[in-house]
Amino acid sequence: IIWGIGMFLDSLVGDACWRAKYAQDLGGNPIPFAILEEEINSTHPFEVFKLRAMLAVSYFEKALYELPEEKVTAEKIQSLADEIESKIQGGLSP
């Protein structure tokens, strides 16, 4: 539950509508929309990478649980993780 709340709060404070309404400087002035717009335009195209990284965990777990017990080795787990990551994310993380 705490993980879900943390993700919710992260998404809330990153939301442009929320920030335009509630985020203020020390003088009580809202963030200028031009700044919010610039941030959205520069980061939004890359948001899919975060989603793919989260999805890769579920797909890896599914593949791991479907693996016959006699094939579960450290090397197989690592190669399975690499395979899923490459398939879902388009390559291995640094």
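The structure presented is a predicted model; accordingly, all values stated were derived computationally and were not measured.

Thoughts on the nonpolar core
Nonpolar side chains tend to gather and get buried jointly when the protein is soluble and globular.
Thinking step 1. Membership of the largest hydrophobic core is limited to six residues, which are Ala56, Phe60, Ala63, Leu80, Ile84 and Ile88.
Thinking step 2. When contributions to this core are tallied by element, the ones reaching two or more residues are α4 (47-66) and α5 (74-89).
Thinking step 3. Setting aside its immediate chain neighbours within four residues, isoleucine 88 contacts Arg52, Leu55, Ala56 and Tyr59.

Remarks on the confidence of the model for the protein chain
Thinking step 1. Residues at a pLDDT of 70 or more form 97% of the protein chain, whose mean pLDDT is 89.
Thinking step 2. Highest mean pLDDT in the protein chain belongs to α5 (96); lowest belongs to helix α1 (residues 2-13) (75).

Observations concerning the packing of aromatic side chains
Thinking step 1. A complete count under the given rule lists two aromatic pairs for this structure.
Thinking step 2. Geometrically, the ring pair formed by tryptophan 18 and tyrosine 22 is tilted, given 5.5 Å between the ring centres and 40 degrees between the ring planes. A residue pair is termed a helical-turn pair when its members lie 3 or 4 positions apart in one helix, as tryptophan 18 and tyrosine 22 do in helix α2 (residues 16-22) at four residues.
Thinking step 3. Relative accessible area serves as the criterion here: at 28%, tryptophan 18 is assigned to the partly exposed category.

Some remarks on the pattern of salt bridges
Thinking step 1. By the definition in use, this model includes four salt bridges.
Thinking step 2. The salt bridge involving lysine 50 is made with glutamate 47; its shortest N-O contact spans 3.4 Å. Placement of both lysine 50 and glutamate 47 in helix α4 is noted, with a separation of three residues, approximately one turn of the helix.
Thinking step 3. Residue class for glutamate 47 comes out partly exposed when judged on its relative accessible area of 35%.

Considerations on a nonpolar patch on the surface
Thinking step 1. A cluster of nonpolar side chains, Met7, Leu51, Met54, Leu55 and Tyr59, forms an exposed patch at the surface whose accessible area comes to about 440 Å².
Thinking step 2. Among the elements that line the nonpolar patch, the one with the most residues is α4, at four residues.
Thinking step 3. Residue placement: leucine 51 occurs in helix α4.

Looking at the layout of surface pockets
Thinking step 1. When its volume is computed, the largest pocket comes out at roughly 460 Å³.
Thinking step 2. As for the largest pocket, its lining consists of 15 residues, of which Asp10, Ser11, Gly14, Glu47 and Lys50 are closest to the centre.
Thinking step 3. Those elements giving two or more residues to the lining of the largest pocket turn out to be α1, α2, α3 (33-43) and α4.
Thinking step 4. Within the lining of the largest pocket, the residues separate by chemical class into six nonpolar, four polar and five charged.

Examining the side chain of glutamate 85
Thinking step 1. Here glutamate 85 lies in helix α5.
Thinking step 2. Buried within the structure, glutamate 85 lacks any salt-bridge partner; its nearest side chain of opposite charge belongs to arginine 52, at an N-O separation of 11 Å.
Thinking step 3. In terms of polar contacts, glutamate 85 uses its side chain to reach the side chain of serine 93, at 2.3 Å.
Thinking step 4. If we ignore the near neighbours within four places in the chain, the residues touching glutamate 85 are Gly90, Gly91, Leu92 and Ser93.

Conventions adopted
Residues numbered from 1 in each chain as written. Predicted model: local features only at pLDDT ≥ 70, side-chain atom pairs only at ≥ 80, totals over all residues. Heavy atoms only, no water. Core = buried A, V, L, I, M, F, W, Y, C linked by side-chain atoms within 4.5 Å. Buried < 20%, exposed > 50% of the residue type's maximum accessible area, 1.4 Å probe, protein only. Helix = DSSP H or I, 4+ residues; strand = E, 2+ residues; numbered from the N terminus. Contact = heavy atoms within 4.5 Å. pLDDT = per-residue confidence, 0-100. Phe/Tyr/Trp six-rings, centres within 6.5 Å; stacked < 30°, edge-to-face > 60°. Salt bridge = Lys/Arg side-chain N within 4 Å of Asp/Glu carboxyl O. Patch = residues over 30% accessible without salt bridge, like charges linked within 9 Å, V, L, I, M, F, W, Y side chains within 5 Å. Areas by Shrake-Rupley, 256 points an atom, 1.4 Å probe, with all protein chains shown as cover. 1 Å grid on protein atoms, 1.4 Å probe; cavity = no way out; pocket = protein on both sides within 12 Å on 5 of 7 lines; lining within 4 Å. Points joined across faces, edges and corners; volume = space filled by probe spheres on them. Nonpolar A, V, L, I, M, F, W, Y, C, P; charged D, E, K, R; others polar. Lys, Arg positive; Asp, Glu negative; His and termini not counted. Polar contact = N/O pair within 3.5 Å; in protein donor to acceptor, adjacent residues only side chain to side chain.

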